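Structural features, examined
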Amino acid sequence: MTKNSDVNGGGPGSIRDILGTLDFDPDKLKRKYLAERDRRIRPDGIDQYVEVTAQFSRYVDDPYIEAQIHREPLKDEVEVVIIGGGFGGLLAAARLREAGFGDIRVIEKASDFGGTWYWNRYPGAMCDVESYCYLPLLEELNYMPRHKYSFAPEIFEHSKRIARHYDLYANACLQTGVTALHWQEDTNQWLINTDRGDLIRAKYVAMANGPLSRPKLPGIPGISDFKGYTFHTSRWDYGYTGGDSTGGLTGLKDKRVGIIGTGATAVQCIPHLGEWAQHLTVFQRTPSSIDERNNAETDPLWAAQLEPGWQQRRMDNFNTLVSGGHEDVDMVSDGWTDIFRNLTGIAAKLAAEELGRPLTSRERADLMELSDYRKMNQIRARAEAIVADPTVAESLKPWYRQFCKRPCFHDEYLPTFNRPNVELVDTTGLGVERLTERGVVVNGREIELDCLIFATGFEVGTSYTRRAGYDIVGRQGKALSDHWSGGLRTLNGLQSHGFPNCFFMGFTQTAVTVNVPHTLNEQARHIAYILSEARTRAKTVVDVMPDAEQAYVEEAQATTRQGLRFYAECTPGYYNSEGRPGNRNGFFTDMYGAGPIAFFEKLEKWRAAGNLPGLLLE
Ligand code: NDP
């Protein structure tokens, strides 16, 4: 960090002129951030969590099944199998249908389409990315979301609407988990085994199994001892709590409820728990950054004047702004675009314009850091202004840079701590100590509970195949777990050498964007293009050339390194593999670090080349 005196006392033409007087000491804040990080770093990193298998497997049972599906095992052949019926799978199916592929089967563990929106039905669940950008295929389906930020039931309904529109139900295998995938050299097909004894052969497979799909639990002593009622937020038990995703949790009126975790999920459900539980204890390890939400109903007049192509234009506009690019107009204009405008390359570009010269890399880094301190001061001041008890307000202040953890936007979360029946137990970065038969122990104090809810998130940082729950065996019996043992190896994040006709969707060496369905849509289009080209050329096998894969791996890794340096200074969380950003399986480790604007352009140029560079067609 630049010395305080350099920043506050910089002469004319310095970034000091851009920022104005600083009402804080950046060096002091930096020391505080690092101390808060150090306090949370643990030697066990991601191993602190227990896997939801064996005695914990009940935490992933599906509480939402309306009717068990009974069917005989299948032994058949389809052209395309898509594994996963969330947005990735739905978009892949939609783009393939549009490209003329009729024989598509979606295999999905859940009882319906929706993916994350099938599972996450907790009270208050909603998407804090603008609905007009986030909900896929709005123009194709002629659907307009009811609010600027949609609530979970509407998003789940929309998922089903997409499945109906593209006629995906008839051939889908719901309540079905894939157990193995083997490439068949003799027939040039994938053989897919499932937990229902199916033997399905497919020419192509698209893996759309989602990055945050496997719940995790804290590996604390006594985790199995608690005799009260427990569940994970992604398997909300309304049979116990009463009510539904809109609230009305009448079953909790006489219950002492505890919740472990204060991430994006907890932030949305805690206001409802606070409203209905007799008493709510929130166990916090690290507070989230909570900015304003400002939801609003969709204005029908605005919706009526939208011109064809509006959704893609809006998605592009949003993506540019949240990826550090410039747009004359901010169509979405919300907390996300505001943060990115102030904390990314846009701010640096504007500063350079103001100074009439390019910023040095040091000036640029200082500008970002100082703007970040300022933004987070505003977030901390917000907690202080809303929460009445100064000690509680202090505990709710996040001490890290904005993008160290996922920013949250909520208008009812902080006020919940003013309720007389809500207690915040600040574990000062250490987490809860242990569970007992009766409740939770923190700092030697046992808090008795009737119900304990785990808002402890999802498995991240383990290998792709562990999270999928099975390996993928490609050409010459090579397992994907071997091929990716030193990190992801792909071409354009989508295909891997030796695993022909198999396409990976989601966060596999691709570019992360706030609006995840945007990336999924680009991937879906790309897959549809490749399959169409193979069909036009009468080819049946599409593999990646090893040197093309190697070149892409090097390019992706080179661009990711800078981001990893940022995360090294962050408080632990799933973004930095609990304080170990070098983890080869980490969330941001094997991304395409140049960002989504560059990545989407790269895919587009690749398609425009017309000769499928790096692919081998047989
Ligand atoms: P997270 O992983 O973000 O949060 C898990 C929480 O559990 C953290 O607060 C963590 O604390 C806490 N925790 C873990 N172990 C312990 C322990 N031993 N003692 C006390 N606390 C503990 O999971 P979420 O389900 O909240 O969110 C996952 C992701 O899902 C989000 O980041 C976001 O990407 C997505 N999401 C998106 C939403 C949207 O609006 N689009 C809404 C909800 C979720 P610590 O921080 O210290 O690790």
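Let us look at the structure shown here.

Cut-offs and rules
- Residues numbered from 1 in each chain as written.
- Predicted model: local features only at pLDDT ≥ 70, side-chain atom pairs only at ≥ 80, totals over all residues.
- Heavy atoms only, no water.
- Helix = DSSP H or I, 4+ residues; strand = E, 2+ residues; numbered from the N terminus.
- Expected span 1.5 Å × (residues − 1).
- Buried < 20%, exposed > 50% of the residue type's maximum accessible area, 1.4 Å probe, protein only.
- Contact = heavy atoms within 4.5 Å.
- Near = heavy atom within 4 Å.
- Polar contact = N/O pair within 3.5 Å; in protein donor to acceptor, adjacent residues only side chain to side chain.
- Areas by Shrake-Rupley, 256 points an atom, 1.4 Å probe, with all protein chains shown as cover.
- Nonpolar A, V, L, I, M, F, W, Y, C, P; charged D, E, K, R; others polar.
- Salt bridge = Lys/Arg side-chain N within 4 Å of Asp/Glu carboxyl O.
- Phe/Tyr/Trp six-rings, centres within 6.5 Å; stacked < 30°, edge-to-face > 60°.
- Lys NZ or Arg CZ within 6 Å of the ring centre and 35° of its normal.
- Pairing = 2+ DSSP bridges.
- Axes fitted to C-alpha atoms, helices over the stretch in contact; angles between N-to-C directions.
- Disulfide = S-S within 2.5 Å.
- 1 Å grid on protein atoms, 1.4 Å probe; cavity = no way out; pocket = protein on both sides within 12 Å on 5 of 7 lines; lining within 4 Å.
- Points joined across faces, edges and corners; volume = space filled by probe spheres on them.

Right, let's get into helix α22 (residues 596-609). Residues spaced three or four apart along an α-helix point in a common direction, a consequence of the helix completing one turn every 3.6 residues. For α22, built from 14 residues, the straight-helix expectation of 20 Å at 1.5 Å per residue is met to within 8% by its first-to-last C-alpha distance of 20 Å. Looking at the residues trailing α22, positive phi occurs at Gly610, about 80 degrees.

Below, the discussion takes up the environment of Val392. Here Val392 is to be found in helix α16 (residues 390-395). Overall, Val392 belongs to the buried group, its relative accessible area being 18%. Taking the C-alpha atoms as reference, Val392 lies 35 Å from Ile18; in sequence the two are 374 residues apart. When near neighbours in sequence (up to four residues on either side) are disregarded, Val392 contacts Val387, Phe417 and Leu424.

Now for the side chain of Thr436. Locating Thr436 in the fold gives a position in the loop between β14 (434-435) and β15 (439-442). Using a relative accessible area of 13% as the deciding quantity, one classes Thr436 as buried. For Thr436, the contacting residues outside a window of four places in its chain are Asp225, Phe226, Lys227, Val441 and Glu446.

All right, on to the site of the ligand then. Near the ligand, the surroundings consist of 25 residues, among which Thr265, Arg285, Thr286, Lys405 and Tyr574 are the closest. Within the side chain of Tyr574, one N or O atom sits 2.6 Å away from an oxygen atom of the ligand. Burial of the ligand by the surrounding chains reaches 89%, relative to a free accessible area of 920 Å². Of all the elements, helix α10 (residues 264-276) adds the most residues to the shell around the ligand, at 3 residues. Residues belonging to the shell around the ligand are distributed by class as follows: 12 nonpolar, 9 polar and 4 charged.

A few words on the pattern of salt bridges. This structure, assessed with the given rule, holds 43 salt bridges. Arg214 is the salt-bridge partner of Glu51, the closest N and O atoms lying 3.1 Å from each other. Of this pair, Glu51 sits in the loop between β1 (49-50) and β2 (75-83) while Arg214 sits in the loop between β6 (199-207) and β7 (217-218), placing them 163 residues apart in sequence. Exposure remark for Arg214: the relative accessible area of 16% places this residue in the buried category. A salt bridge links Asp128 to Arg406; the nearest nitrogen and oxygen atoms lie 2.8 Å apart. A residue pair is termed long-range when its members are at least 10 positions apart, and Asp128 in the loop between α5 (116-119) and α6 (131-134) and Arg406 in the loop between α16 and β12 (408-409) qualify at 278 residues.

Right, let's talk about the packing of aromatic side chains for a bit. All chains considered together, the criterion is met by 35 aromatic pairs. Aromatic pair Tyr413 and Phe417: ring centres 5.2 Å apart, planes at 80 degrees, arrangement edge-to-face. The two residues Tyr413 and Phe417 agree in class, both being buried. Centroid distance Tyr592 to Phe599: 5.4 Å. Interplanar angle 50 degrees. Geometry classified as tilted. A residue is classified by how much of its surface remains accessible, and Tyr592, at 7% relative accessible area, is buried. Feature note: the residues Phe507, Phe566, Tyr567, Tyr574, Tyr575 and Phe587 constitute an aromatic cluster, connected by ring pairs. The lysine or arginine in question, Arg121, covers the ring of Tyr64, its NZ or CZ lying 4.0 Å from the ring centre. Sitting over the face of the ring of Tyr149, Arg293 holds its NZ or CZ atom 3.6 Å from the ring centroid.

Take the sheet that holds strand β8 (residues 229-232) next. As summarised here, the arrangement of the 5 strands in space is β8-β17-β9-β10-β13, forming an open sheet in which the pairing is parallel. In this open sheet, the two edge strands, each paired with only one partner strand, are β8 and β13 (422-426). Averaged over all neighbouring strand pairs, the angle between strand axes comes to 20 degrees, with direction disregarded. Note that β8 and strand β17 (residues 451-454) share 4 bridges and pair parallel. In the sheet register, Phe231 faces β17, and the bridge partner there is Ile453. The strands touched by α10 are β9 (256-260), β10 (279-284), β13 and β17; relative to β9, the strand with the most contacts, the crossing angle is about 170 degrees.

Here we come to the packing of helix α13 (residues 335-343) against helix α15 (residues 361-386). Where α13 meets α15, the closest approach of the two axes is 9 Å, and the angle between their N-to-C directions is 140 degrees. Contacts between α13 and α15 involve Asp338, Ile339, Asn342 and Leu343 from the former and Met368, Ser371, Asp372 and Lys375 from the latter.

A positive phi angle is found at Thr428, which is not glycine, with a value near 45 degrees. Relative to the assigned elements, Thr428 resides in the loop between β13 and β14.

This part takes up the state of the cysteines. In total, this model carries 1 disulfide according to the counting rule given. Across a sulfur-sulfur distance of 2.0 Å, Cys404 and Cys570 are joined as a disulfide pair. Of note, the bridge from Cys404 to Cys570 carries an S-S torsion of about -75 degrees and is left-handed in sense. One end of the pair, Cys404, is in the loop between α16 and β12; the other, Cys570, is in the loop between α21 (546-568) and α22, with 166 residues separating them in the sequence. Pair check on accessibility: Cys404 and Cys570 agree, each one buried. Among the cysteines around Cys173, which has no disulfide bond, Cys502 carries the closest sulfur, lying 17 Å off. When its relative accessible area of 2% is taken as the criterion, Cys173 is described as buried. Cys408 carries a free sulfur, and the closest cysteine sulfur to it, the one in Cys269, is 12 Å from it. Relative accessible area serves as the criterion here: at 3%, Cys408 is assigned to the buried category.

The next subject is the layout of surface pockets. There is about 290 Å³ of room inside the second largest pocket. Those elements that provide at least two residues to the lining of the second largest pocket are α8 (152-165) and α10. Per element, the largest residue contribution to the lining of the second largest pocket is 3 residues, and it comes from α10. A class-by-class count of the residues in the lining of the second largest pocket yields 5 nonpolar, 8 polar and 5 charged.

Attention shifts here to the pairing of strand β5 (residues 189-194). The buried fraction of β5 amounts to 5 of the 6 residues, a majority that puts the element mostly inside the structure. Bridge count for strand β4 (residues 178-184) against β5 is 6 bridges, and the pairing is antiparallel. From the neighbouring strand, Val178 faces β5, where its bridge partner is Thr194. Hairpin geometry of β4 and β5 is characterised by an intervening segment of 4 residues between the two adjacent antiparallel strands and by a positive phi of about 55 degrees at Asn188. Sheet analysis places β5 next to β6, joined by 4 bridges and oriented antiparallel. When the bridges of β6 are listed, Leu191 appears paired with Arg201. In this antiparallel pair of consecutive strands, β5 and β6, the connection spans 4 residues, and Gly197 shows a positive phi of 80 degrees.

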